[in-house]
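Take a look at the letters that make up each chain.
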Amino acid sequence: MARSTTATIHPEALRHNLGVVRRFSPASKVMAIVKADGYGHGLERVANALSGADAFGVAALADAERLRAAGMSQPVLLLSGFDDPDDLPRMRALNVWSVIHHASQLEMLEQSDGTGPLRCWLKVDTGMHRLGFLPDAVHEAYARLKSLPSVEDDIGLLQHFASSDEYLDSASRGEQTLSQLKVFETVTADLRGERSMANSAAVLGWPQSHGDWVRPGGALYGISVCEGKTGADYGLRPAMTFTTRLISVKKIPAGGRVGYAGTWTAPEEMTIGIAAVGYGDGYPRTAASGTRVKVGDKIVPTVGRVSMDLMTVDLRTCPEAAPGDLVTLWGEGVPVEHVGESAGTIGYEPVCSITRRVRFVED
Ligand SMILES: *Cc1c(COP(=O)(O)O)cnc(C)c1O
């Protein structure tokens with residue numbers, strides 16, 4: 001094969017991780033967040049593996065349509081809601097629930113006369129200051145929703161955390177999360193409806209936020225966003241293994257500079273390996289020299305810049321390595337969280353960035 005860059009998706013790991021989430025939040029229903037093509041793992045593939053979830057959450061109505069086409073019958077929540085009145089009949093027909101975060105959506109609902117009530121989740125901006133009604137606008141928005149015959153009587157209440165990866169034992173002592181919890185509790189105290197607050201980090205570390213529905217994304221894919229922690233620390237398993245092969249193994253002289261701009265210099269005569277993967281496949285170009293990959297079953301550091309099609313590894317501890325050897329970029333034993341950290345981002349971004357030339361397989 002000319003190019004063997006492969007993303008292997010593990011349905012077993014997805015199912016296992018759903019089980020872990022359920023153990024962390026035993027009293028809550030689980031809305032599996034599958035936005036961005038299932039965090040880059042493939043929407044239909046992920047949904048099939050997670051068919052035991054109680055609902056799905058997506059960012060685009062087209063994704064809800066794909067879930068229905070794939071035979072998923074659970075409710076699907078559109079996390080940013082509709083932004084066009086033409087979406088409403090499709091949402092009703094597909095049993096897609098809508099987040100309501102802005103007065104413009106209330107106006108569209110008031111002007112539409114849909115039949116078959118739409119289930120709505122009112123979003124409270126408890127302090128993240130992205131989507132949602134500020135506390136002083138929540139009761140009016142709730143009342144307007146309640147008064148609409150085209151809206152299901154049973155209105156849900158949700159909020160989103162900005163820093164739930166900072167726990168009580170962190171430097172911040174979870175200050176922002178505690179504040180958001182308090183605001184949500186206070187503003188919704190006299191409102192009826194199911195509650196949903198928790199993303200993955202809150203599922204794992206803020207039990208008081210679990211409410212009626214938890215909304216994990218990253219945890220289902222086995223990825224942690226908590227500093228210094230990987231999914232494995234919570235018993236989660238990576239749902240993706242990203243691999244390629246060495247296509248060259250060679251000796252370079254002491255003082256030899258590796259790759260574009262020669263950012264890494266060989267301290268001695270040494271063996272390097274060239275792996276057939278680069279940012280054209282979605283491996284982050286910003287991943288620094290020293291990012292760990294696995295050659296065969298040995299962890300080795302990368303050296304020099306990641307280019308579009310290739311990257312280079314230090315094989316000094318791996319003298320037996322040869323062209324054709326398997327290189328694991330991330331997966332079991334090579335946490336994608338570390339790749340993300342080395343590239344100045346979180347583990348979610350690399351898995352969402354795999355490009356179309358990469359082959360996807362399931363095991
Ligand atoms: C993405 C998202 C989630 C899931 O976040 P994770 O950190 O991946 O668990 C939950 N709720 C909302 C509104 C989201 O946008």
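Residues numbered from 1 in each chain as written. Predicted model: local features only at pLDDT ≥ 70, side-chain atom pairs only at ≥ 80, totals over all residues. Heavy atoms only, no water.

1. A word on the overall build of the protein
The criterion, for reference: Secondary structure elements follow DSSP: runs of H or I no shorter than four residues count as helices, runs of E no shorter than two count as strands, and numbering proceeds from the N terminus. Relative accessible area decides the class of each residue, using a 1.4 Å probe on protein chains only: under 20% of the type maximum gives buried, over 50% gives exposed, and in between gives partly exposed. Note on definitions: a residue-residue contact is assigned when non-hydrogen atoms from the two residues lie within 4.5 Å.
In terms of helices and strands, the protein carries eleven helices and 18 strands. Projected onto its principal axes, the C-alpha positions of the protein cover 75 × 45 × 35 Å. Taken across its 363 residues, the protein has 53% of its residues classed as buried. Partitioning the contacts of the protein with sequence separation of at least 6, the portion at a separation of at least 24 is 64%.

2. Observations concerning the nonpolar core
Formally: Among the buried residues, those of types Ala, Val, Leu, Ile, Met, Phe, Trp, Tyr and Cys that are joined through side-chain atoms within 4.5 Å form a nonpolar core.
Ranked by size, the top nonpolar core spans 103 residues in total, and within it F56, L109, L122, Y283 and W330 carry the most contacts. Ignoring anything within four residues of it in the chain, the contact list for W330 reads M240, T241, F242, G282, Y283, P284, V336, V339, P350, V351 and I354.

3. Considering the pairing of strand 17 (residues 326–330)
The condition that has to hold: By the convention used here, strands pair only if DSSP detects at least 2 bridges between them.
Along strand 17, four of the five residues are buried, which leaves the element largely enclosed by surrounding structure. Bridge analysis of strand 10 (residues 240–252) against strand 17 gives four bridges, and the strand direction is antiparallel. Looking across to strand 17, one finds that T244 is bridged to V327. Sheet topology places strand 14 (residues 292–295) next to strand 17; two bridges connect them, and they run antiparallel. Counted as the bridge partner of V295 is V327 from strand 17.

4. Re the site of the ligand
Selection rule: By convention in these notes, a residue is near a molecule or strand provided one of its non-hydrogen atoms lies within 4 Å of it. Two N or O atoms form a polar contact when they lie within 3.5 Å of each other; inside protein one atom must be a possible hydrogen donor and the other a possible acceptor, and for residues adjacent in sequence the pair counts only when both atoms belong to side chains. Accessible areas in this description were obtained via Shrake-Rupley with a 1.4 Å probe; residue shielding takes into account the shown protein chains only. Residue polarity is assigned by list, with Asp, Glu, Lys and Arg as charged and Ala, Val, Leu, Ile, Met, Phe, Trp, Tyr, Cys and Pro as nonpolar; anything else, Gly included, falls into the polar class.
In the neighbourhood of the ligand, 13 residues make up the surrounding shell, with K35, Y39, S200, G218 and Y348 lying closest. Interatomic distance of 2.6 Å between a side-chain N/O atom of K35 and an oxygen atom of the ligand. When isolated, the ligand has an accessible area of 390 Å², and the protein chains bury 91% of it. Along the lines of polarity and charge, the residues of the shell around the ligand split into five nonpolar, five polar and three charged.

5. Side note on the packing of helix 4 (residues 61–69) against helix 5 (residues 87–94)
Operational definition: With axes taken as lines fitted to C-alpha atoms, and helix axes fitted only over the stretch in contact, angles between N-to-C directions fall between 0 and 180 degrees. For this classification, under 35 degrees means roughly parallel, over 145 means roughly antiparallel, 65 to 115 means roughly perpendicular, and everything else is oblique. In a left-handed crossing the near helix is turned counterclockwise from the far helix by less than a right angle, and in a right-handed crossing that turn is clockwise.
The geometry of helix 4 relative to helix 5 is characterised by a closest axis approach of 11 Å and an angle of 25 degrees between their N-to-C directions. It follows that helix 4 is roughly parallel to helix 5 by the angle criterion. Crossing of helix 4 against helix 5: the hand is left-handed. Contact residues: L61, E65 and R68 in helix 4; D87, R90, M91 and L94 in helix 5. For the contact of helix 4 with helix 5, the class distribution of residues is three nonpolar, no polar and four charged.

6. Observations regarding the side chain of N17
As for its position among the elements, N17 is in helix 1 (residues 11–24). The class for N17 is buried, based on a relative accessible area of 0%. A polar atom in the side chain of N17 sits 2.9 Å from the backbone oxygen of L220. Those residues in contact with N17 that lie beyond four places of it in its chain are A219, L220, Y221, G222, L236 and R237.

7. Re the packing of aromatic side chains
Each aromatic ring pair is specified by the distance between its two centres and by the angle formed by the two planes. Formally: In this analysis, rings of Phe, Tyr and Trp, with Trp reduced to its six-membered ring, are considered paired at centre separations within 6.5 Å, and the interplanar angle assigns stacked below 30 degrees, edge-to-face beyond 60, and tilted for intermediate values. Lysine NZ or arginine CZ positioned within 6 Å of the ring centre and within 35 degrees of the ring normal marks a charge as sitting over the ring.
All chains considered together, the criterion is met by seven aromatic pairs. Ring centres of Y39 and Y348 lie 5.3 Å apart, and the angle between their planes is 70 degrees; on these two criteria the pair is classed as edge-to-face. Of this pair, Y39 sits in helix 2 (residues 35–39) while Y348 sits in helix 11 (residues 348–352), and the two are 309 residues apart along the sequence. Under the relative-accessibility criterion, Y348 is labelled buried at 19%. When the ring of F242 is compared with that of W330, the centres are 4.7 Å apart and the planes differ by 45 degrees; the resulting orientation is tilted. Of the two residues, F242 sits in strand 10 while W330 sits in strand 17, which places them 88 residues apart along the sequence. Taking NZ or CZ as reference, R119 lies 4.6 Å from the ring centre of W97, over its face.

8. Quick look at the side chain of K294
Position of K294 relative to the elements: it lies in strand 14. Reaching out from K294, the side chain makes a polar contact with the backbone oxygen of E332 at a distance of 3.4 Å. Apart from the residues lying within four places of it in its own chain, the contact partners of K294 are I299, L326, V327, T328, E332 and V334.

9. Side note on the confidence of the model for the protein
Close inspection of predicted coordinates is inappropriate in any region flagged by low pLDDT. Condition: Scored between 0 and 100, pLDDT is the confidence that the predictor attaches to each residue.
With 99% of its residues at a pLDDT of 70 or more, the protein shows a mean pLDDT of 97. Across the protein, element-level confidence peaks in strand 2 (residues 29–33) with a mean pLDDT of 99 and bottoms out in helix 5 with 95.

10. Some words on the packing of helix 6 (residues 103–111) against helix 7 (residues 135–146)
It is at 10 Å that the axes of helix 6 and helix 7 come closest, and there the two elements cross at 15 degrees. Of the possible angle classes, the one that applies to helix 6 and helix 7 is roughly parallel. The handedness of the crossing between helix 6 and helix 7 is left-handed. When helix 6 is examined against helix 7, the residues A103, L106, E107, L109 and E110 are found in contact with a partner set consisting of A141, R144 and L145. When its residues are assigned to classes, the contact of helix 6 with helix 7 shows five nonpolar, no polar and three charged.

11. Digging into helix 5
We apply this condition: In this context, the arc is that of the directions from the helix axis out to the C-beta atoms.
Restricting attention to buried positions, one finds in helix 5 the residues D87, L88, M91 and R92. Considered in projection along helix 5, the buried side chains sweep an arc of 130 degrees and stay on one side of the axis. Turned more than 90 degrees off the buried face of helix 5, the exposed positions are P89 and A93. Elements that come into contact with the buried residues of helix 5 comprise helix 4, strand 4 (76–78), strand 5 (96–100) and helix 6. With its phi angle positive at about 55 degrees, N95 sits one or two positions after the end of helix 5.

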